[in-house]
Each structure stands twice: as C-alpha cells, then as structure tokens.
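Take a look at the letters that make up each chain.
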Amino acid sequence: MSTTALSREQAAAKVMVALDYPDAASAEKLLEQLQGIPCYMKVGMQLFYAAGPDFVRQLKERGYRVFLDVKMHDIPNTVKGGAGSIAKLGVDMFNVHAAGGRDMMEAAMDGVEEALAADPALPRPTVIAVTQLTSTSEEMLNDEIGIPGTVEEAVARYALLAIASGLDGVVASPHEVQLVKDTCGPSFQTVTPGIRPSGSDVGDQTRIMTPQDALRAGTDYMVIGRPITQAADPRAAIESIIEELIQA
Ligand code: C5P
C-alpha cells in the first residue's frame, strides 16, 4: 500500500505508547520524558488494575489521547455495563475480544450509546476487537482452543464478525493488516502491536515488523512498548521512530 509523506504530527499520532508499568509513579516518569510529543497513550491491564480510572481521567484532563486496552470478554450484559463505565471515562479507544461473539460486541456498542445519551458531552470512543492474540500459534488455535484452520482464517472471520457487530476496527498483527483491509474495507481500523524498530530487542513478540514496514502495510496505529519504555533514552527512541515514519 502506498502512502503519502506524513507530517511530524501525523506520524506521532500513529504511535501508541504502551504504558506497561506497575504503578502511576513509574508511568509518570515516562510521561515527563515524552512531554509534548502528540502520541497516543495505551493503558493496559497492568497499569489500569493498579492505578485505576483516576489515572485514566488524569491523562484525559492533561490532553492525552488514550487507548484503554482491557480486552473485555464476558456475558453481554456485563460487557455493556463495562463499556458504559469506560465511555464515561472519556477515553478515545477501548477494546473487547471478538471471541465473545456478536451479541457481546453489540452489547459493548449499546453500553457506549447509553453513556453518550446520558452525557452528550462525552467523546464517542473508537471500539475495536481483539481478533486472535498475536501470541497464538496455529497449533494452539487448533489443539488447545479447538478452532480449526489457520490463524489468518480465524482473524478474517473475527474481523468480519466485528464489523458486522458495529465495531470500528481490530487489534491484529501487522502481518494481517492487508488481510483485514481486504476483508473489511480500507476504513476499518487496524491497531498493530509487534512493532520493532530495526536493531531493537524482539522480546517475546514473534511476528514483528518495523514501524516503516507496518506503515507501508497500511496499519492505522502501531502499539509500541518496550522499544520506547525500556530504551536508555525513551524520548530519543520515539523521536527516531517518528522520523522513520516520516521517511517511509
Ligand atoms: O513491549 P511491546 O512493544 O511488545 O508491547 C506491546 C503491547 O501491545 C503490550 O502492551 C501488549 O499487551 C499489547 N498487545 C500485544 N499483542 C496483542 C494485543 C496487545 O502485544 N495481540
């Protein structure tokens, strides 16, 4: 997929920094180091379960765009309630597991609608579905989870279910962006972890891509954690990723 050159602002807006920290104080240190860079902040389970909704509200009050990555998966009624509570926090994006099924995903959308109807000043969050976790191999999918076929087939099926349920996009591997766009159309959003700038530690990610290649593959947002958070100089690390995206 060809792309036109991004401005610095547009490039930064594509980067979602994974704030995978045990407490608010540790996350604050990184926020200070990255101050002024207009990237997204992703709050996942580790930080949310420790620092809670107050931390998320503070991020929003300070003007950050926030992706609350808590991957809800429960009965529809419970997910509806959870989605309503999340929408009231004013986050820009949150997610549910597509494996929860159509009723559950529709319930998440209903929860958002109810929250917005009660408080029209709230922003409408982008709601995305986790397709198949990038840590799942075909062997796990077939033998443990009991889903036949390839990971790609499962991803395409889940993406179709997500769009049919009214969701805005999916979390997927950067290697699956083309498949998702071909299956669901170009405006269905893709959020891709497993991003590693050339030369950085792979860690436990398997099917990785560089920021440039992910951008060329058509990803809308790239989630990047350790290559920024564990860098000796996190600000220099994100600046170099942004530069790489501008050059792509
Ligand atoms: O440090 P790293 O760049 O690997 O961080 C990736 C982030 O993306 C983590 O917060 C992880 O929870 C999240 N994620 C992922 N794979 C998925 C879904 C989310 O790595 N399939």
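Please refer to the structure higher up on the page.
Being a predicted model, the structure only gives us computed values, none of them experimental.

Q: Looking at this model, I keep getting lost on the packing of helix 7 (residues 151–164) against helix 8 (residues 177–184). Mind explaining?
A: Packed helix pairs are specified by the crossing angle of their axes together with the interaxial distance, meaning the distance between the axes. Where helix 7 meets helix 8, the axes come as close as 10 Å, and the angle between the chain directions of the two elements is 45°. By the angle class used here, helix 7 and helix 8 are oblique. Viewed along their axes, helix 7 and helix 8 form a crossing whose handedness is right-handed. On helix 8, the residues touching Glu152, Val155, Ala156, Ala159, Leu160 and Ile163 of helix 7 are Leu179, Val180, Thr183 and Cys184. The residue makeup of the contact of helix 7 with helix 8, split by class, is eight nonpolar, one polar and one charged.

Q: What exactly am I supposed to notice about the pairing of strand 7 (residues 189–192) here?
A: Every other side chain in a regular strand lies on the same face of the sheet, so the side chains alternate between the two faces. What you see with strand 7 is no split at all: Gln189 and Val191 on one side and Thr190 and Thr192 on the other are buried throughout. Across two bridges, strand 7 lies against strand 8 (residues 221–224) in parallel orientation. Looking at strand 8, one finds that Val191 is bridged to Tyr221. Since strand 7 and strand 8 lie parallel, the crossover through helix 9 (residues 211–217) that links them has a hand, and here it is right-handed.

Q: Even after reading the chapter, I still don't get unusual backbone geometry, so can you show me in this structure?
A: Negative phi is the rule for most residues except glycine; trans is the rule for most peptide bonds. Within the chain, Lys71 stands out as a residue other than glycine whose phi angle is a positive 45°. The topology assignment puts Lys71 in strand 3 (residues 65–72).

Q: Where do I start with the pattern of salt bridges in this structure?
A: Proximity of charged atoms lets side chains of opposite charge pair with each other. Using the criterion set out here, one finds 11 salt bridges in the structure. Between Glu28 and Arg62 there is a salt bridge; the shortest N-O distance is 2.8 Å. On the criterion of sequence distance, the pair formed by Glu28 in helix 2 (residues 24–33) and Arg62 in the loop between helix 3 (45–61) and strand 3 is long-range, its members being 34 residues apart. A salt bridge links Arg57 to Asp54, with the nearest nitrogen and oxygen atoms 2.7 Å apart.

Q: I keep staring at the packing of helix 2 against helix 3 and nothing clicks. Help me out?
A: Interhelical geometry of helix 2 versus helix 3 gives an angle of 50° and a closest axis separation of 10 Å. As summarised for this structure, helix 2 and helix 3 are arranged oblique, according to the angle between their axes. Where helix 2 abuts helix 3, its residues Ala24, Ala27, Glu28 and Leu31 lie against Leu47, Ala51, Phe55, Gln58 and Leu59. Looking at the contact of helix 2 with helix 3 residue by residue, the classes come out as seven nonpolar, one polar and one charged.

Q: So what exactly am I meant to see when it comes to the site of the ligand here?
A: Around the ligand there are 14 residues in total, and Asp20, Arg196, Gln205, Gly225 and Arg226 lie nearest to it. In this structure, an oxygen atom belonging to the ligand sits 2.7 Å away from a side-chain N or O atom of Asp20. Within the side chain of Arg226, a nitrogen or oxygen atom sits 2.7 Å from an oxygen atom of the ligand. Those elements giving two or more residues to the shell around the ligand turn out to be strand 8 and helix 10 (226–229). Residue classes in the shell around the ligand are distributed as six nonpolar, three polar and five charged.

Q: How do you make sense of the side chain of His97 when you look at a structure like this?
A: Relative to the assigned elements, His97 resides in strand 4 (residues 93–97). Apart from the residues within four sequence positions on either side, His97 is in contact with Lys71, Met72, His73, Met104, Met105, Val130 and Leu133.

Q: What is the right way to read the packing of aromatic side chains from this model?
A: The geometry of an aromatic ring pair is captured by two quantities: the separation of the ring centres and the angle between the planes. The tally for this structure, following the rule as stated, stands at one aromatic pair. Considering the side-chain rings of Tyr40 and Tyr221, the 5.4 Å spacing of their centres and the 70° angle between planes classify their relative orientation as edge-to-face. Of this pair, Tyr40 sits in strand 2 (residues 40–44) while Tyr221 is found in strand 8, placing the two residues 181 residues apart along the sequence. Looking at Tyr40, the relative accessible area reads 4%, which means it is buried.

Definitions and limits used
- Residues numbered from 1 in each chain as written.
- Predicted model: local features only at pLDDT ≥ 70, side-chain atom pairs only at ≥ 80, totals over all residues.
- Heavy atoms only, no water.
- Axes fitted to C-alpha atoms, helices over the stretch in contact; angles between N-to-C directions.
- Helix = DSSP H or I, 4+ residues; strand = E, 2+ residues; numbered from the N terminus.
- Parallel < 35°, antiparallel > 145°, perpendicular 65-115°, else oblique.
- Left-handed = near helix turned anticlockwise from the far one by under 90°.
- Contact = heavy atoms within 4.5 Å.
- Nonpolar A, V, L, I, M, F, W, Y, C, P; charged D, E, K, R; others polar.
- Buried < 20%, exposed > 50% of the residue type's maximum accessible area, 1.4 Å probe, protein only.
- Pairing = 2+ DSSP bridges.
- Right-handed = clockwise from strand over helix to strand, strands pointing away.
- Salt bridge = Lys/Arg side-chain N within 4 Å of Asp/Glu carboxyl O.
- Near = heavy atom within 4 Å.
- Polar contact = N/O pair within 3.5 Å; in protein donor to acceptor, adjacent residues only side chain to side chain.
- Phe/Tyr/Trp six-rings, centres within 6.5 Å; stacked < 30°, edge-to-face > 60°.

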